[in-house]
Amino acid sequence: MAELELIPVRTRLLTHKDNIVDAIEEYAKQNIGPHDIVSVAESVVAITQGRLVRPEEMKVCFLAKILNRFVPQKGSLSSVYGMQAAMDAEGKWRVLFAMIMGVLAKLVGKNGVFYEMAGEQAALIDDVTGTMPPFDKHLVYGPKNPQNVAEEIKTRLGCYGAAVADVNDLKRAAVLGVSSGLDPKKLARILIDNPFGNASQRTPIVIIKNYALLEAADSGEA
């Protein structure tokens, strides 16, 4: 019986001059079959879309200098630049309102309200040093239209499906976009151990082999 296998694919350094689908075709096509899912790291998708900015190019407002102090140090928005990036992406007043509601929610023991209300980009922004060189001098936003990216990968590569995933070494995994018919929560569980590795390994593509075969077998047993 076929087994689920995760195969990381090493690439060269991908930049804003690359197209992520072209890169997957170049480096992984020979290993991709019709029963497989192709997953790709969201930060690399964002970089190839040019969704990054240098701190010195940003105009930091007074509000960002205040609100960043309410974010734990390990968070990307704990820097004034990270907070400003969130405001630029989602709107200054939305972020302010989300912060107020988040602080109030914490007073009654509820966490995570700020990120629920501040908008998707607030949770996806990588602060300076949060990405591999030479992009460690940039803030990187989350990718644009990850669902469309996944569909394009599936169409071009002829695989069973595709996903754009945000995974780290802290056992946190979220799938931001999938091709039609896939369950993002199920894929997040499969990717929870971060087969992409850290950024320096340059393995932004992970092929989930035999996914469709096992899904069909599970359905048959049901």
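Scroll up to find the structure this text is about.
The text that follows walks through the structure, step by step, so that each part is easy to find. Predicted, not measured: the structure shown is a model, and the values here were computed from it.

Calculation rules
Residues numbered from 1 in each chain as written. Predicted model: local features only at pLDDT ≥ 70, side-chain atom pairs only at ≥ 80, totals over all residues. Heavy atoms only, no water. Core = buried A, V, L, I, M, F, W, Y, C linked by side-chain atoms within 4.5 Å. Buried < 20%, exposed > 50% of the residue type's maximum accessible area, 1.4 Å probe, protein only. Helix = DSSP H or I, 4+ residues; strand = E, 2+ residues; numbered from the N terminus. Contact = heavy atoms within 4.5 Å. Salt bridge = Lys/Arg side-chain N within 4 Å of Asp/Glu carboxyl O.

Digging into the nonpolar core
Among the nonpolar cores identified, the biggest contains 36 residues, and I20, I24, I32, I153 and L187 are the most heavily contacted of them. Of all elements in the fold, only helix 1 (20-28), strand 2 (37-41), helix 2 (42-48), helix 8 (146-157), strand 5 (161-167), strand 6 (173-178), helix 9 (184-190) and strand 7 (205-209) reach the threshold of two or more residues within this core. Beyond its immediate stretch of four places on either side in the chain, L187 contacts I37, A163, V175, V178, L182, I208 and Y211.

Brief notes about unusual backbone geometry
Most peptide bonds are trans, and most residues other than glycine sit at a negative phi. With a phi close to 50 degrees, N145 is a non-glycine residue in the positive phi region. Following the sequence through the fold, N145 ends up in the loop between strand 4 (139-140) and helix 8. Not every positive phi belongs to a glycine, and N194 is a case in point at roughly 55 degrees. Relative to the assigned elements, N194 resides in the loop between helix 9 and strand 7.

Things to note about the pattern of salt bridges
Tallying each qualifying case throughout the model produces 10 salt bridges. One salt bridge connects E215 with K186, and the closest N-O pair in it is separated by 3.9 Å. A residue pair is termed long-range when its members are at least 10 positions apart, and E215 in helix 10 (residues 211-221) and K186 in helix 9 qualify at 29 residues. According to the relative accessible area criterion, E215 is partly exposed, its value standing at 22%.

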